[in-house]
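Structural features, examined
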Amino acid sequence: MILKKAAIGAAALMLLAGCTDDGERRTPMPVAPTATGEAQALPLPSPSLPPVVNSDGCQGLVTAAQVQKATGLSVQASAGDGAAAVAQYGQAVQSLGLNARARMCPFGNGGGDQVTVVALTFPDAAQSQKLWTTIKSLEAVGGVGEAALSDKTKTLLARRGKAIVAVYLVAAAAPDANHLGQLQSVANAALAKA
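About the cut-offs
- Residues numbered from 1 in each chain as written.
- Predicted model: local features only at pLDDT ≥ 70, side-chain atom pairs only at ≥ 80, totals over all residues.
- Heavy atoms only, no water.
- Helix = DSSP H or I, 4+ residues; strand = E, 2+ residues; numbered from the N terminus.
- Contact = heavy atoms within 4.5 Å.
- Areas by Shrake-Rupley, 256 points an atom, 1.4 Å probe, with all protein chains shown as cover.
- Salt bridge = Lys/Arg side-chain N within 4 Å of Asp/Glu carboxyl O.
- Buried < 20%, exposed > 50% of the residue type's maximum accessible area, 1.4 Å probe, protein only.
- Core = buried A, V, L, I, M, F, W, Y, C linked by side-chain atoms within 4.5 Å.
- Axes fitted to C-alpha atoms, helices over the stretch in contact; angles between N-to-C directions.
- Parallel < 35°, antiparallel > 145°, perpendicular 65-115°, else oblique.
- Left-handed = near helix turned anticlockwise from the far one by under 90°.
- Disulfide = S-S within 2.5 Å.

Helix and strand counts for the chain stand at 6 helices and 7 strands. Secondary structure elements of the chain, listed N to C terminal, follow the sequence α-α-α-β-α-β-β-α-β-β-β-β-α. Sequence-distant contacts in the chain: of pairs separated by 6 or more residues, those separated by 24 or more amount to 60%. Accessible surface, the chain as shown: approximately 12000 Å² in total, 61% of it carbon and sulfur.

Turning to the pattern of salt bridges, a few remarks are in order. For the structure shown, the criterion picks out 3 salt bridges. Here Glu146 makes a salt bridge to Arg159, at a shortest N to O gap of 3.2 Å. Of this pair, Glu146 sits in the loop between β4 (139-141) and β5 (147-150) while Arg159 sits in strand β6 (residues 155-160); the two residues are 13 residues apart in sequence, bridging distant segments of the chain. For Arg159, a relative accessible area of 12% gives the class buried.

If you look at soluble globular proteins, the nonpolar side chains tend to sit buried side by side. Core analysis: the biggest nonpolar cluster contains 28 residues, and Leu61, Val62, Val115, Val117 and Leu156 have the highest contact counts within it. Elements supplying a minimum of two residues to this core: α3 (64-71), β2 (101-108), β3 (114-121), β6, β7 (163-170) and α6 (180-191). Ranked by the residues each element gives to this core, the list is headed by α6, at 6 residues. Non-local contacts of Val117, meaning those with residues more than four positions away in its chain, are made with Leu61, Val62, Arg103, Met104, Cys105, Val165, Ala166, Val186 and Ala190. Formed by 17 residues, the second largest nonpolar core is a distinct cluster that contains Val86, Val93, Leu120 and Leu131.

With that out of the way, let us pick up the packing of α3 against α6. At a closest axis distance of 8 Å, the pairing of α3 and α6 adopts a crossing angle of 150 degrees. Overall, the two elements α3 and α6 adopt an arrangement that is roughly antiparallel. The two elements α3 and α6 cross, and the hand of that crossing is right-handed. Each of Gln66, Ala70 and Thr71 in α3 lies in contact with α6, whose residues at this interface are Gln182, Ser185, Val186 and Ala189.

Here we come to the state of the cysteines. Per the stated rule, a full pass over the model turns up 1 disulfide. One disulfide in the model links Cys58 with Cys105; its S-S distance is 2.0 Å. Between Cys58 and Cys105, the disulfide has an S-S torsion of 85 degrees and is therefore right-handed. Of this pair, Cys58 sits in the loop between α2 (37-41) and α3 while Cys105 sits in strand β2, and the two are 47 residues apart along the sequence. Each member of the pair Cys58 and Cys105 is classed as buried.

Structural data, given as structure tokens:
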């Protein structure tokens with residue numbers, strides 16, 4: 001029994017000796033255990049991120065060409081998971097006791113210009129009107145749909161029948177300028193398919 005304890009103690013000291021600084025007799029410890037036949041079959045974890053998912057939340061509502069024509073901004077469809085963003089709009093509408101098909105179309109360019117179009121299509125005009133009455137922070141404007149509200153620089157909401165379209169625009173060269181005409185033009189294009 002004493003011999004067994006002494007052998008275990010000696011083995012433990014030898015193991016610790018490999019981890020301590022013993023001058024010139026340093027023994028390098030292996031960084032990773034050597035591979036055996038079974039261990040080689042296991043894949044190594046990847047340090048890279050998963051690929052970006054691009055799914056179409058716009059579903060043909062408006063095209064980049066329509067947005068370019070309406071705004072004069074050279075934009076293209078933005079990458080990202082549009083369908084996931086659309087799901088959030090659907091959940092927000094459901095939290096109000098309403099039901100709507102949501103579509104979202106983000107566009108942009110390297111210069112910082114951005115245009116995002118969101119359309120909510122309800123089963124009937126009564127539900128669209130119910131949501132419309134909750135919007136309080138924008139000024140009434142004409143020129144698009146049955147009713148429209150805007151801040152005239154970045155945001156326009158328009159309603160026609162059972163659809164509500166929201167247009168958000170950031171023109172990098174003049175972010176605070178009056179962009180009402182551009183907002184109206186984009187909203188009209190979207191309302192035609194909402």
